[in-house]
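Coordinate analysis (summary)
Take a look at the letters that make up each chain.
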Amino acid sequence: MNPASEQLSLLATDEPAHQPATDAVRLLLFNAQHASPDRSRRQAEWIAGREGADIAVLTEVSSTQGGDALVAALTERGYATVIALKPSTPDYRTVIACRTSAVRTVPSPVTVTPPHRAPAARVTVGGHDIGVLGLYVPSRGPKDQRNVAKRAFQEAVTESLPWLLAAFPDMPVIVAGDLNVIERGHQPPHKVFGDWEYDFYDSFRAADLTDAFRHLHPDEVTHSWFGRSGNGFRFDHLFVSTPHAERILACEYHQEAREAGLSDHVVMTLRLGLPSTPGEQSEAPGTGAV
């Protein structure tokens, strides 16, 4: 496989199960849990069957056969564009899959960390350009390297966030990923997290990005991953550029894929309204522009 095809697959595809929307961005966030080839193909079938998965951001995708099977299966099931950067050494990666071919890869603003964990793309939806950044933050790691990779990655992202909106000028920007951190005031509280991890979550707001779920559900207690003790953690997050937060129509967590054994995380979805005419100024939802 040549380098271009590793970054952007434009292979022959089947007819998609659902046609992409033109009046809203419909995005799905899915943790692949380094699945085997067989489970990866079942994951792709499930994702392709979701109407709201015009853009799918997949985290914890392996760099071996399972990840390659997932990329191939998404392409076969109607995803015209699959961005899947190959790491130079075995590592997890983030994949961005789109039902439309109107996609252009752009250099990730997270420039000082491996790009396969932070791919970026410009996607055209209904004549409007949308910036998308996928993130998969390393877990805490083994005892001899506890938090080393995680902290380095988080610091790289934090340093890059102030330039994120500049990388996608004059358009909505969505950041989607498994951040492996929780927000301040998380219920239940987890003493294992340090201030530097809460600071990382806070850095998104400081960079003019809004937590889409909290924007609509300021007080709801929900979790996207559960530890062996049964304690829940809200690790998976979707952020939208704050100037466009008023256009967030829906942002939810869904248990079905986890309950079906397709992942150990729950799935997250976002629907972001767009102006009805390219170039039209954004209006708040409910004004007739959505």
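Everything discussed here concerns the structure shown above.
A short tour of the structure in this document, coming up. (Residues numbered from 1 in each chain as written. Predicted model: local features only at pLDDT ≥ 70, side-chain atom pairs only at ≥ 80, totals over all residues. Heavy atoms only, no water.)

**Details of the nonpolar core**
- With 29 residues, the main nonpolar core has I55, I174 and L238 as its most contacted residues.
- Listed in part, the 24 residues of the second largest apolar core include L161, V173, V175 and L209. (Core = buried A, V, L, I, M, F, W, Y, C linked by side-chain atoms within 4.5 Å. Buried < 20%, exposed > 50% of the residue type's maximum accessible area, 1.4 Å probe, protein only.)

**A look at the packing of aromatic side chains**
- Counted by the stated rule, this structure contains 12 aromatic pairs.
- Centre to centre, the rings of F193 and F235 are 6.1 Å apart; their planes meet at 75°, and the pair counts as edge-to-face. In this pair, F193 is assigned in the loop between β8 (173-178) and α6 (195-206) and F235 in the loop between β11 (232-233) and β12 (236-241), connecting sequence segments 42 residues apart.
- Since its relative accessible area comes to 7%, F235 is described here as buried.
- Taking the centre distance of 5.5 Å and the plane angle of 50° together, the rings of W225 and F233 count as tilted. (Phe/Tyr/Trp six-rings, centres within 6.5 Å; stacked < 30°, edge-to-face > 60°. Helix = DSSP H or I, 4+ residues; strand = E, 2+ residues; numbered from the N terminus.)

**A closer look at the pattern of salt bridges**
- Evaluated as defined, the whole model comprises 14 salt bridges.
- Across the salt bridge formed by D38 and R42, the nearest N and O atoms sit 3.5 Å from each other. Remark: R42 and D38 occur in helix α2 (residues 37-48); sequence separation between them is 4 residues, near one turn of the helix.
- Using a relative accessible area of 45% as the deciding quantity, one classes D38 as partly exposed.
- K86 is the salt-bridge partner of D68, the closest N and O atoms lying 2.9 Å from each other. Within this pair, whereas D68 is found in helix α3 (residues 65-76), its partner K86 is found in the loop between β3 (81-83) and β4 (93-98), the two being separated by 18 residues in sequence. (Salt bridge = Lys/Arg side-chain N within 4 Å of Asp/Glu carboxyl O.)

**Let's talk about the packing of α2 against α3**
- In contact at an axis separation of 8 Å, α2 and α3 are set at 30° when each is read in the N-to-C sense. When the axes of α2 and α3 are compared, the pair comes out roughly parallel. As for the relative orientation of α2 and α3, their crossing is right-handed in sense. Contacts between α2 and α3 pair P37, S40, R41, Q43, A44 and I47 from the former with Q65, G66, A69, L70, A73 and L74 from the latter.
- Split by residue class, the contact of α2 with α3 holds 7 nonpolar, 4 polar and 1 charged. (Axes fitted to C-alpha atoms, helices over the stretch in contact; angles between N-to-C directions. Parallel < 35°, antiparallel > 145°, perpendicular 65-115°, else oblique. Left-handed = near helix turned anticlockwise from the far one by under 90°. Contact = heavy atoms within 4.5 Å. Nonpolar A, V, L, I, M, F, W, Y, C, P; charged D, E, K, R; others polar.)

**So, the sheet that holds strand β5 (residues 103-106)**
- In spatial order, the strands read β5-β6-β7-β8-β12-β9; together these 6 strands make up an open sheet with mixed pairing. At either margin of the open sheet sits one strand with a lone partner, and together these are β5 and β9 (209-211). In this sheet, adjacent strand axes meet at a mean angle of 25° when their direction is disregarded.
- Relative to β8, strand β7 (residues 128-136) runs parallel, the two being bridged by 6 bridges. (Pairing = 2+ DSSP bridges.)

**Side note on the packing of helix α4 (residues 148-160) against α6**
- Interhelical geometry of α4 versus α6 gives an angle of 25° and a closest axis separation of 10 Å. Classified by the interaxial angle, the pair formed by α4 and α6 is roughly parallel. For the pair α4 and α6, the crossing hand works out as left-handed. Where α4 abuts α6, its residues K150, R151, Q154, V157 and T158 lie against W196, E197, F200, S203 and F204.
- Its residues assigned to classes, the contact of α4 with α6 comprises 4 nonpolar, 3 polar and 3 charged.

**What about the environment of W46?**
- Locating W46 in the fold gives a position in helix α2.
- Along the chain, W46 and E256 lie 210 residues apart, while their C-alpha atoms are 10.0 Å from each other.
- Once you skip the residues sitting within four places of it in the chain, W46 turns out to touch L28, F30, E256, A257, L262 and V267.

**Quick word on the pairing of strand β6 (residues 120-125)**
- Across the 6 residues that make up β6, a large majority, 5, are buried.
- Alignment of β5 against β6, held across 4 bridges, turns out to be antiparallel. Within the sheet, the bridge partner assigned to R104 lies in β6 and is R122.
- Of the pairings in the sheet, the one linking β6 to β7 comprises 6 bridges and is antiparallel in character. Note that in β7 the partner of V123 across the bridge is I130.
- Taking the residues that link successive antiparallel strands as the turn, the β6-β7 hairpin has 2 residues, and the phi of G126 there is positive, at about 55°.

**Focus on the pairing of β8**
- The buried count for β8 comes to 6 of 6 residues, which makes it a mostly enclosed element.
- The two faces of β8 match: V173, V175 and G177 on one face and I174, A176 and D178 on the other face are all buried.

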